[in-house]
Amino acid sequence: MANIVSTLFISLDGVAEIAEDWHFPYFDENMGRAVDEDYTAADVLLLGRVTYDSFAGAWPDRESAGEDDAAFAKSLGDRRKIVASRTPLDFPWRNSELIEGELVEAVTALKTDPGVQSILIPGSISVVQQLLAAGLVDELRLLVHPVAARSGKRLFDEGNARYHLRLLKSETFPTGVVRLLYAPSPGPGETTYEDVKGMGPGTHE
C-alpha cells in the first residue's frame, strides 16, 4: 500500500491557504530542508486544480531560468503529477494527468497500485479534507508558522467527526516555525473530569 502524505504550510489559527506576507518571512534553510525531505520520498504528486495551476504557472519557467531553484523545479517536472479537477484540463507541464473518476475511489485504487510507493499532496486543502474524511491520509506534515493569519481557508473544516492524531516527530526552527508530523490515531476513549481531577492544579506536591 502506498503511503499518502499531506504537507502544508499553516498558521497558528489553522489557515493553510498561504499568503506571501506571512509565509516567506519565515522561510529559511531549515524549512527548505524539510520541504526537500517531503518531496524526495514521493514518486507521485497529487494536486488539486488550484495548486496545480499555481505550480504549473511557476515551476516550468523556474526550471528554464536555470537559477538556484532550477534543480528542484526539474525534479517536480520529472515526477508524475495527478490532478483532481471536475473539469477537463489541458496540461502544459510534462508528466501531468487528470485523475480518473471520483477522488476517493481513484485515490483508493492509486494507493493499492504496486508501482506507487509514496504519494505526496502539497497544499490542495480541499483534496486533503476529502481524503482525511475518507481515512486515506497516512501522515500530516505541518510547518506551523508563528502567526495568526486571521483569514484564508483552514485545514480542518466543520464536521461532527473528530480527527485524533498521534505525534510522530516535532522540530522547532530558529524562526519559530514548528514542524509537526502526525499520523491518524484511534481516539483516547471516554474521559470525564472525574477521571482527571486527581491530576489537576493543587494535587501535586
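Rules used in this analysis
Residues numbered from 1 in each chain as written. Predicted model: local features only at pLDDT ≥ 70, side-chain atom pairs only at ≥ 80, totals over all residues. Heavy atoms only, no water. Helix = DSSP H or I, 4+ residues; strand = E, 2+ residues; numbered from the N terminus. Contact = heavy atoms within 4.5 Å. Lys, Arg positive; Asp, Glu negative; His and termini not counted. Charge placed at Lys NZ, Arg CZ, Asp CG, Glu CD. Pairing = 2+ DSSP bridges. Phe/Tyr/Trp six-rings, centres within 6.5 Å; stacked < 30°, edge-to-face > 60°. Buried < 20%, exposed > 50% of the residue type's maximum accessible area, 1.4 Å probe, protein only. Lys NZ or Arg CZ within 6 Å of the ring centre and 35° of its normal. Axes fitted to C-alpha atoms, helices over the stretch in contact; angles between N-to-C directions. Core = buried A, V, L, I, M, F, W, Y, C linked by side-chain atoms within 4.5 Å.

Engineer: Whenever I open this one, the overall build of the chain confuses me. Can you help?
Structural biologist: Helix and strand counts for the chain stand at 8 helices and 8 strands. The dimensions of the chain, computed from C-alpha atoms along their principal axes, are 65 × 40 × 30 Å. Long-range contacts, defined here as pairs at least 24 residues apart, represent 71% of the contacts in the chain between residues at least 6 apart. Within the chain, the 32 negative side-chain charges are centred at a point lying 1 Å from the centre of the 19 positive side-chain charges.

Engineer: Just to check I follow, could you spell out the pairing of strand 8 (residues 178-184) for this structure?
Structural biologist: The side chains of a regular strand alternate, residue by residue, between the two faces of the sheet. The pairing of strand 6 (residues 139-145) with strand 8 spans 5 bridges and is antiparallel. Bridging across to strand 8, leucine 142 finds its partner in leucine 180. Between strand 7 (residues 165-172) and strand 8, which follow one another and run antiparallel, lie 5 residues, and glycine 176 among them has a positive phi close to 100°.

Engineer: Honestly, the packing of aromatic side chains in this entry has me stumped. Any pointers?
Structural biologist: Aromatic rings in a pair are described by how distant their centres are and how their planes are angled relative to each other. Enumeration according to the criterion identifies 5 aromatic pairs in this entry. Taken together, a centroid distance of 5.2 Å and an interplanar angle of 80° make the contact between tryptophan 59 and phenylalanine 72 edge-to-face. Taken together, the residues span a long stretch of sequence, with tryptophan 59 in helix 4 (residues 59-65) and phenylalanine 72 in helix 5 (residues 70-78) at a distance of 13 residues. On the basis of relative accessibility, which here comes to 14%, the residue tryptophan 59 falls in the buried class. Judged by relative accessible area, phenylalanine 72 falls into the partly exposed class, the value being 22%. Here the aromatic cluster, defined as three or more aromatic residues joined through ring pairs, consists of Tyr39, Trp59 and Phe72. Across from the ring centre of tryptophan 59, 4.5 Å away, lies the NZ or CZ of arginine 62, which sits over that ring. In this structure, lysine 81 is placed above the aromatic ring of tryptophan 93, and the distance from its NZ or CZ to the ring centre is 4.5 Å.

Engineer: Sorry, what's going on with the sheet that holds strand 5 (residues 118-122) here?
Structural biologist: Within a sheet, each strand pairs with its neighbour through backbone hydrogen bonds, oriented either parallel or antiparallel. Taken in spatial order, the 8 strands line up as 4-3-2-5-1-6-8-7 in an open sheet, and their pairing is mixed. Strands at the two margins of the open sheet, each flanked by one partner only, are strand 4 (96-98) and strand 7. With strand direction ignored, the average angle separating the axes of adjacent strands in the sheet is 25°. Alignment of strand 3 (residues 80-84) against strand 4, held across 3 bridges, turns out to be parallel. From the neighbouring strand, lysine 81 faces strand 4, where its bridge partner is serine 96.

Engineer: What exactly am I supposed to notice about the nonpolar core here?
Structural biologist: The nonpolar side chains of a soluble globular protein tend to be buried with one another. In terms of nonpolar packing, the biggest core is built from 29 residues, with Leu46, Ile99, Val107, Ile119 and Leu131 touching the most fellow members. Only strand 1 (3-11), strand 2 (44-48), strand 3, helix 6 (103-111), strand 5, helix 7 (125-133) and strand 6 provide two or more residues apiece to this core. With 5 residues, helix 7 is the single largest residue contributor to this core. Not counting chain neighbours up to four residues away, the residues in contact with valine 107 comprise Ile4, Leu46, Ile99, Leu131 and Leu136.

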